[in-house]
Amino acid sequence: MIGNKNEGLSITLGFPDGDDYDNKKKQSVYRIWKRLSSLQRSLIFLVLLLCGISAIYIFPNLRQSHTTNTDQVDTAIRDEKDSIQKLVIEKDKEKADFIASLKRKHAKHQIDDLMKKVKNQNGNVAPPVKARGHGEDNVLLPPDDQKEQALSNDARLDHGNEDEDSDKDDNVDGQLNHPLKTVDNDFKVEQKENSAVYDYFSPYRKHSSRQTAVIDAFKMSWSAYKKYAWGHDEFHPISKTHSEWFQLGLTIVDGIDTAIIMGLKTEYEDARTWIQNDLVFTHDRDDNVFKEKATDIGNRMLPCFNSPSKVPYSDINLLTGKAHAPRWGPDSSTSEVTTIQLEFRDLSRITGDKKYEKAVDTVSNHVHNLPKKNGLVPIFINANTGHFRNSATITLGARGDSYYEYLLKQWLQTGKTNSMYKDDYKEAVDGMRSQLVRQSEPNKLTYIGELLGGRSFSPKMDHLVCFLPGTLALGYINGMPEEHMDLAKEMMRTCYEMYNKMPTKLSPEIVFFNQAKKSKDDLFVKPADSHNLLRPETVESLFYLHRITGDKIYQDWGWQIFQAFMKYTKVEGAGFSSINNVRSIGNPGFRDKLESFFLAETLKYFYLLFEDSIDYLSLDKYVFNTEGHALPIYSQ
C-alpha cells in the first residue's frame, strides 16, 4: 500500500508485521529480495519479463507508425504540389489560347478598319465597318452584369503598350500585378461587398509605362489636394490654399471614378469615406443646376423644371429649393438645359423612379420642336418663354457644345431606340458641314467656326470644340455616314496642331484661323486667349480615334501633349496648375488653380488613350457623359 506519513512517502509491499521488520529502518534491496517468498519472486520476475517483451513489440511499431504517417504526409504534400503545378500549367495554356484568340480578333478588326466599304448587289453602299472590338464577339470586362473569371483579367495583360517597358511587371500603388499573386483577406471581403467597383482593383491588371506615368500624375495631384484642400471645391497649388464654388467637395466627387478606373484602391476609399460622411447638400447658397449628383441632389434639383415652359432655370438654392434664372440675365444656356439628360435618365434607371427621366425628356421634346438653322441652335434659351434668343451666337464652343454631343449619346444610351435624337444629330452635323466648316491657309487645316448673332461667320474656335472629332467617330461606328469619320480625322489633326504649333506644345483656350491666301501661319492667338486650363477635349477625342481606328499616331500625339503638361503645368510637390501663356516657354505663368476636370477627365482620358485593350470600358457597353463619367448603355 501507499501511505503519506509525516516522515515522507512510504511504500509497503504487504509484509507481515513482526520484530524482524522495522518500517522505520532503511532496508537494502538485496535483503528485501531475500525476504520474499519464491512465489513472490517468480511473480515479480514474470511481470518484468512481460514488460520487456511488450516494450520489444511496441516500440518498433510506434516507430514504424510514425514513419508511415510522415511518409503519408510527405506524399500528400507532393501530390498537392503536383496538382497545383498541373493546374497552373493548364491555366497558363488556357490563358495563352484565350489571349491568342483575342489577338486574332484584334488583328482582324484592324484589317477591317483599313478595308474600303463595298457595294452590295443592288449597288447601295453597305453600312460602315464597325470599329475594332465592337461586335457580337466582344469580351466584356468589369464592371458588367455578368461576373468574369480571373482569366479574363489575365488576358488583358497582353494588350499593354508595346514600348520598351511593356514587359515589366508594374507595381502601382502597392498592388501586385503578377497573375499568380493573391490578394489579402481584407481585399476579398471588400471585393465581395462591392464587386462592381472592386473589379477595377484587380491585382491581375498590368499597366503600360505610359499609363503608369499618368497614374503617378494623378496620385501626385490627388495627394497634394488631400494635404492642402481636402473636402473643398478647388485647390490652388501655388499658394497651397483652397476656395469654394458650391461647398460640395467638387474635386473629390469629380475625381473618384478616375481613381476607380485607374485601380487606385486607397484613393477611392478615401473619397468614398468623405462622400459618405461629409458630403451634404444643405448649404445656403445658389448652385448651378447642371451638375451630376446622386438621388438626394436629384430631388433637390427637380424644382428647376417648374418653369412656365418646363425648360429648367439655371440656378437653385439647394437648401430652400428656390430656382431662378441667373443674375446676369433671363436666359439659361442651351448646353446647360440639354446636357443633364444622360445623368437624369441614369438616375431613373438606378432608382426605378421615372420622374427624373420624365423631367428631362420634356425638355428634349420641347427643344426638338423649336425652329433651328440647319439643325444648329443659338446658345441661349429663355426658361420663361421656352424660346431661343435668336440673336445669340451659334457655336460648338462654350454654352453650345454639349447639346450636339448629347443628341448622339442619348440615342446610344437608350439602346438606339429613340430615333428623334439620331435624326436631330445627323441634321446638326449636316448643318455644321454646310454652315461652319472651313479650311485655313496655307495648310488647309479643317476647323469649325461660329455664326455671330446667328448670321455672320467668324473663324474663331474654342478648344472646347475639340470634343467633336471623338463624337463624330463614335457616331460613325454606330452607323453614321462615312463623311462623319472623314471630318473627325481632319478635325483631330487640327486640334493636335493647336498644341503642336505653340512653343510650349500646349493649346490656348481660343484660336483664330487665317483665311487669307497669303497667310504664313494657319492660326493666331490673341493675348487674352493664350491661357491653358488643363482642358480634356483634345485628349478625349484622341482616345476615341485610337480606340476606333487602332492607329497609334493618336497615342503618340497624346504622349507629346502629356509630356508638355508635365513640363509646363506641373507644380513641384503640389500637383498641377493652369497657366497664363502657352506662347511663352520662359514664363508661361501659373494661374494657381487646379481645375477638377483635370483629374476627372484629362488624366482619365490620357489613361484610356494609352490602354490598348479594345474592351476596357467598351464603347458598346458604356457612354461617357460630358464630364467624362462612364454610364451604362441600356437596351431601351
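Rules behind the numbers
- Residues numbered from 1 in each chain as written.
- Predicted model: local features only at pLDDT ≥ 70, side-chain atom pairs only at ≥ 80, totals over all residues.
- Heavy atoms only, no water.
- UniProt positions renumbered as here; feature names shortened; annotations may be inferred.
- Core = buried A, V, L, I, M, F, W, Y, C linked by side-chain atoms within 4.5 Å.
- Buried < 20%, exposed > 50% of the residue type's maximum accessible area, 1.4 Å probe, protein only.
- Helix = DSSP H or I, 4+ residues; strand = E, 2+ residues; numbered from the N terminus.
- Contact = heavy atoms within 4.5 Å.
- Axes fitted to C-alpha atoms, helices over the stretch in contact; angles between N-to-C directions.
- Parallel < 35°, antiparallel > 145°, perpendicular 65-115°, else oblique.
- Left-handed = near helix turned anticlockwise from the far one by under 90°.
- Pairing = 2+ DSSP bridges.
- Salt bridge = Lys/Arg side-chain N within 4 Å of Asp/Glu carboxyl O.
- Phe/Tyr/Trp six-rings, centres within 6.5 Å; stacked < 30°, edge-to-face > 60°.
- Lys NZ or Arg CZ within 6 Å of the ring centre and 35° of its normal.
- Expected span 1.5 Å × (residues − 1).
- Patch = residues over 30% accessible without salt bridge, like charges linked within 9 Å, V, L, I, M, F, W, Y side chains within 5 Å.
- Areas by Shrake-Rupley, 256 points an atom, 1.4 Å probe, with all protein chains shown as cover.

As named in an unreviewed UniProt entry, the protein chain is alpha-1,2-Mannosidase, taken from Mytilus edulis. UniProt, in its Sequence similarities (unreviewed entry) section for the protein chain, records the words "Belongs to the glycosyl hydrolase 47 family."

> Any chance you could explain the nonpolar core here in plain terms?
Soluble globular proteins tend to pack their nonpolar side chains together in the buried interior. Core analysis: the biggest nonpolar cluster contains 127 residues, and Phe 305, Leu 396, Tyr 404, Met 461, Leu 603 and Phe 606 have the highest contact counts within it. Counting residues per element, this core draws most heavily on helix α16 (residues 482-500), at 9 residues. In this view, Tyr 404 contacts Gly 375, Leu 376, Val 377, Ile 394, Thr 395, Leu 396, Tyr 425, Ala 428 and Met 432; residues no more than four positions away in its chain are not counted.

> Any chance you could explain the packing of helix α17 (residues 537-549) against helix α19 (residues 596-609) here in plain terms?
How two helices pack is summed up by the angle between their axes together with the distance between the axes. Two elements in contact, α17 and α19, have axes separated by 8 Å at closest approach and are oriented at 20°. Considered as vectors, α17 and α19 are oriented roughly parallel to each other. Viewed along their axes, α17 and α19 form a crossing whose handedness is left-handed. Here Val 539, Glu 540, Leu 542, Phe 543 and His 546 of α17 come into contact with α19, specifically with Thr 602, Tyr 605, Phe 606, Leu 608 and Leu 609.

> It is not clear to me how the pairing of strand β15 (residues 510-513) should be interpreted in this structure. Could you clarify?
Successive side chains on a regular strand alternate, one facing one side of the sheet and the next facing the other. Residue alternation in β15 divides its side chains into two sets, Ile 510 and Phe 512 and Val 511 and Phe 513, and both sets are buried. Sheet topology note: the strand β14 (residues 460-462)/β15 ladder contains 3 bridges and is antiparallel. For Met 461, the partnering residue across the bridge sits in β15 and is Val 511. Where β15 lies against strand β16 (residues 523-524), 2 bridges are found, and the strand directions are antiparallel. Within the sheet, the bridge partner assigned to Phe 513 lies in β16 and is Leu 523.

> Hey, could you run me through the sheet that holds β14 in this one?
Spatial ordering of the open sheet is given by β14-β15-β16, a layout of 3 strands whose pairing is antiparallel. With partners counted over all chains shown, the strands left at the sheet margins are β14 and β16, one partner each. Sitting on the sheet, α16 touches β14, β15 and β16, and the angle it makes with β14 is about 85°.

> Is there a simple way to think about the pattern of salt bridges in this case?
Working definition: two side chains of opposite charge can pair if their charged atoms are close together. With the rule as written, the count across this model stands at 21 salt bridges. One salt bridge connects Lys 552 with Asp 612, and the closest N-O pair in it is separated by 3.1 Å. Here Lys 552, found in the loop between α17 and α18 (553-568), pairs with Asp 612, found in the loop between α19 and β19 (622-624); they are 60 residues apart in sequence, far enough to count as distant. Here Lys 552 falls in the partly exposed class, since its relative accessible area comes to 35%. Given a relative accessible area of 8%, Asp 612 falls into the buried group. Here Glu 595 makes a salt bridge to Lys 593, at a shortest N to O gap of 3.8 Å. Overall, the relative accessible area of 14% leaves Glu 595 in the buried class. Of the residues examined, Lys 593 reaches a relative accessible area of 24% and is grouped as partly exposed. One salt-bridge network, in which partners are shared between bridges, spans Arg 345, Arg 349, Glu 357 and Asp 361.

> I would appreciate a short explanation of the packing of aromatic side chains in the present structure.
Each aromatic ring pair is specified by the distance between its two centres and by the angle formed by the two planes. The final tally for this structure, using the stated rule, is 25 aromatic pairs. Relative to Phe 610, the ring of Phe 606 has its centre 6.1 Å away and its plane inclined at 20°; by these criteria the two rings are stacked. Of the two residues, Phe 606 and Phe 610, neither departs from the other in class, the shared state being buried. Here the aromatic residues Trp 559, Phe 562, Phe 565, Phe 576, Phe 598, Phe 606 and Phe 610 are joined through ring pairs into a cluster of three or more. Over the face of the ring belonging to Tyr 228 we find Lys 240, whose NZ or CZ atom lies 5.8 Å from the ring centre. Geometry around Phe 457 places Arg 438 over its ring, the cationic atom sitting 4.0 Å from the centre.

> Hey, could you run me through helix α12 (residues 355-368) in this one?
The periodicity of an α-helix, 3.6 residues per turn, causes residues three or four places apart in sequence to face the same way. Between the first and last C-alpha of α12 there are 20 Å, a value that for 14 residues agrees with the 20 Å anticipated at 1.5 Å per step. Buried residues in α12 make contact with α9 (295-301), α10 (334-337), α11 (341-351), β9 (380-382), α13 (401-413) and α14 (419-435).

> Teacher, can you tell me more about a nonpolar patch on the surface here?
Among the surface-exposed residues, Phe 45, Leu 46, Leu 49 and Leu 50 lie close enough to one another that they form a single nonpolar patch of about 400 Å² accessible area. Residue position: Leu 49 is located in helix α2 (residues 38-114).

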